[in-house]
Number of protein chains: 2
Amino acid sequence: MTENFPAELVDRLVAAKEASRAVARLTSGQKATVLNAIADALVSSSARIVAANQGDLDRGVADNIGDGLLDRLRLDEARIESLAAAVRDVAKLPDPVGQVVGGHRLPNGVALEQVRVPFGVVGAIYEARPNVTVDIAALALRSGNAVLLRGGSAARDSNTVLVAVMREALEAVGVTADVIGSVDDFGREGARALMKGRGFIDVLVPRGSASLIETVVTESTVPVIETGAGNVHIVLDESAPLEWARDIVANAKTQRPSVCNAVETVLVHRDAAERLVPAVVEALQQGGVTVHGDDRVQGLASGVVPATEMDWDTEYLSLDVAMKVVDSLDEALAHIRQYSTGHTESIITTDLHNSERFLAEVDSAVVMVNASTRFTDGGEFGFGAEVGISTQKLHARGPMGLSELTSTKWLARGAGQVRA
Amino acid sequence: MTENFPAELVDRLVAAKEASRAVARLTSGQKATVLNAIADALVSSSARIVAANQGDLDRGVADNIGDGLLDRLRLDEARIESLAAAVRDVAKLPDPVGQVVGGHRLPNGVALEQVRVPFGVVGAIYEARPNVTVDIAALALRSGNAVLLRGGSAARDSNTVLVAVMREALEAVGVTADVIGSVDDFGREGARALMKGRGFIDVLVPRGSASLIETVVTESTVPVIETGAGNVHIVLDESAPLEWARDIVANAKTQRPSVCNAVETVLVHRDAAERLVPAVVEALQQGGVTVHGDDRVQGLASGVVPATEMDWDTEYLSLDVAMKVVDSLDEALAHIRQYSTGHTESIITTDLHNSERFLAEVDSAVVMVNASTRFTDGGEFGFGAEVGISTQKLHARGPMGLSELTSTKWLARGAGQVRA
């Protein structure tokens, strides 16, 4: 680390690094015990957590953050119960640490083995929802890592208490509290220390808005796993069955519009436009969606508002969708190349040539044929956990499971071999 | 990319990105054909390459860069032949692209498949030896990537011709020349464009001095694979057999002292010091090595120069080694934690408890028992190629094979499924 940070903040990084060695040595069973103790502590500390959360809610009301954000911020007894249940689920997940990834013997007899090991210290910079504090800590711990958290200021009071409760639970079972740390009390300086903490932070995961992620990716000198931003496309091919087109687009937009795997732009082949656009637009409008269409879409359905260049570039995360008629699959692929964030794209088609071309040429983390983009999700993929969805190509791509929170190392066992 | 670069430099990035789509679609057989054409072109252009290389050598002599660097810089007909042979070897390596890494069906029937895909554009910033220009281009191409190169100014003329020869060979077999590009003609601005080229450069691999790597890691906003720096340790445990200790230390230091897997510090358990130090020091000195020892080492062998704090921190890359007597395995592990660059460490021991502790607790890319650290090498590991040795934990750790130059993507094939 080349920059000067307050000594107390550096101590926090050092403490996390030291704690990472302790947690790396815990067995799978011990880590499950620790996680269950954390779950118990969350439930038994409900009143204290709810009281702290009320402080955040009061500030949220005063700051006029809006009902949606207030709801995401709120922790009540039921939500704390389900947060604890999620931690117990994580405790049951298979431990990736120690998994033998591969190995072989060298010609000279040296036995090589590549095994999964924890990263060490996972840093996380995130916004808004206080449950992320517990989620990330649990996932990091299950995969043998210490974690240093930097939460959003809107959830400050809740996060402070959640971290305190988890640290108390760690100590109660005889594990150093520094396995779960926070740098929230250092404000922006804390976030900067995570981003510049080479030698202390082994990987940094930003979760939140596109601008938060952009800042972290741009400013960090520690390795980052970029997550999230999803300007997601669905292409309705000339051969797309009406029912699939309508149901998949409506599902991908309305089932949960505020998340990164929701569709944002629909591209319709011109030779199917007349057949598909009216029904798809109608289904969307029945779901409360505002369709932002180009001229040809506007000509085929009523209630469509004009799309501008901006719309192609927008991740709405709301009940809005952009729609455009394209002259060819080539034009659709070019549009996706230009505007996609590389998260998820899907084509609706019965044409084998077009489906294979789409799968091969679209350069996104998940490329689908005839399925809703909402399936891009760690839970749906069967990973049992939601670490985030990587939109970069290094290390992890797409939904991340616990094993994406680990690295590997090579073990070499010899009997005196030297290199000739 | 948020910064302003000259339009012609941006064009270079755009051209590489476009070329990456072309090379990603080549079959394994087509890529082998292209690589063999490049090998042929290198051989048939020997005279032109040697002539350009003479310009670099003349400048090197004028700049007094020293015999070692001059030798690394030199290209003669024989070296060009072996460079071409290396390219032909790369052409024979199994193609990682298209490899199915995993997959399963979701409960609703959607078929998931995770497949290896090229990164897209691999950037490389490197120094000195012109053969790296060809090595990296060949490895990137074999794994389906386009490459943008930024070589060292000392090899400027050689690199210019090598890139030109490879580009001509690409065009001659009908592949866009921009699969292999260089930004050397833009000077430092070219390197900066690679480091800041988000959206154009998918991964950046620095190869060279510690300071070069530090600069790239610190300044890049594109994902970097950190390679190289090796402050490598060997621990001589109390139980270390004299012969293994002597032969492995001497091999690890003298077999090729200028490379990253050569040992730099030897830590000797105090209860074995009297037995081991004299013989190990003698073997090293016979190999021309200067031993920098602490007080106790100096007391046990003659001709040892005093070690200072600096020595523990130094990657000599020369016929020098630091040696220290430690009171315990704990002290050796603590020393390694403090000074190691996380590349390779080895313990010489016959004690099972100590060997297992060393394997478990040393946090390095390769951890060895009773073997020379010189085995940390892509070729020795059987990867058939030397992409570099990653000392970071993200994406790749230790010797990198061709598959480390790829990412993955998820393919999802459904029949109208939507999320409930």
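Everything below is about the structure printed above this text.
Residues numbered from 1 in each chain as written. Chains lettered and ligands numbered in written order. Predicted model: local features only at pLDDT ≥ 70, side-chain atom pairs only at ≥ 80, totals over all residues.

**Q** When you look at the overall build of chain A in this model, what are you seeing that I'm missing?
**A** What chain A contains, in helices and strands, is 15 helices and 16 strands. Across its three principal directions, the C-alpha atoms of chain A cover 70 × 70 × 40 Å. When each of the 420 residues of chain A is scored for burial, the buried share is 54%. Restricting to contacts in chain A with at least 6 residues of sequence separation, those with at least 24 account for 72%. (Helix = DSSP H or I, 4+ residues; strand = E, 2+ residues; numbered from the N terminus. Buried ≥ 20, exposed ≤ 12 C-beta atoms within 10 Å, placed from the backbone. Contact = placed C-beta atoms within 7 Å.)

**Q** Quick question: what am I supposed to make of the relation of the copies chain B and chain A here?
**A** Superposing chain B onto chain A takes a rotation of 180° combined with a translation of 0.0 Å along the rotation axis, leaving an RMSD of 0.0 Å. Given the turn and translation reported, the copies of this chain are related as if by a two-fold rotation axis. Measuring from the rotation axis to each C-alpha of chain B, the shortest distance belongs to His395 of chain B, at 1.8 Å. When you check the interface residues of chain B against chain A, 100% turn up at the interface there too, and the contact is symmetric in its surfaces. (Least-squares fit on C-alpha atoms with pLDDT ≥ 70 in both.)

**Q** Sorry if this is basic, but what is going on with the interface of chain B and chain A here?
**A** In many analyses, interface size is given as the accessible surface area lost on bringing the parts together. Counting residues at the interface gives 52 residues for chain B and 52 residues for chain A. No other element matches the eleven residues that strand 16 (residues 406-417) of chain B contributes to the side of chain B that touches chain A. Both strand 16 (residues 406-417) of chain A and strand 13 (residues 366-371) of chain B contribute to a ladder of five bridges, which runs parallel. Pairing of Arg413 of chain A across the sheet is with Val369 of chain B, part of strand 13 of chain B. (Pairing = 2+ DSSP bridges.)

**Q** I'm lost on the environment of Lys31 of chain B in this one. Help?
**A** Following the sequence through the fold, Lys31 of chain B ends up in helix 2 (residues 28-44). Those residues in contact with Lys31 of chain B, other than ones at most four positions away along the chain, are Leu26, Asp95, Leu141 and Arg142 of chain B.

**Q** Explain unusual backbone geometry here, please?
**A** You will see that Asn370 of chain A, though not glycine, has its phi angle at about 60°, which is positive. Position of Asn370 of chain A among the secondary structure elements: in strand 13 (residues 366-371). In the Ramachandran plot, Leu317 of chain B falls in the positive-phi region, its phi being about 55° despite a non-glycine side chain. Along the chain, the position of Leu317 of chain B falls in the loop between helix 13 (309-312) and strand 11 (320-326).

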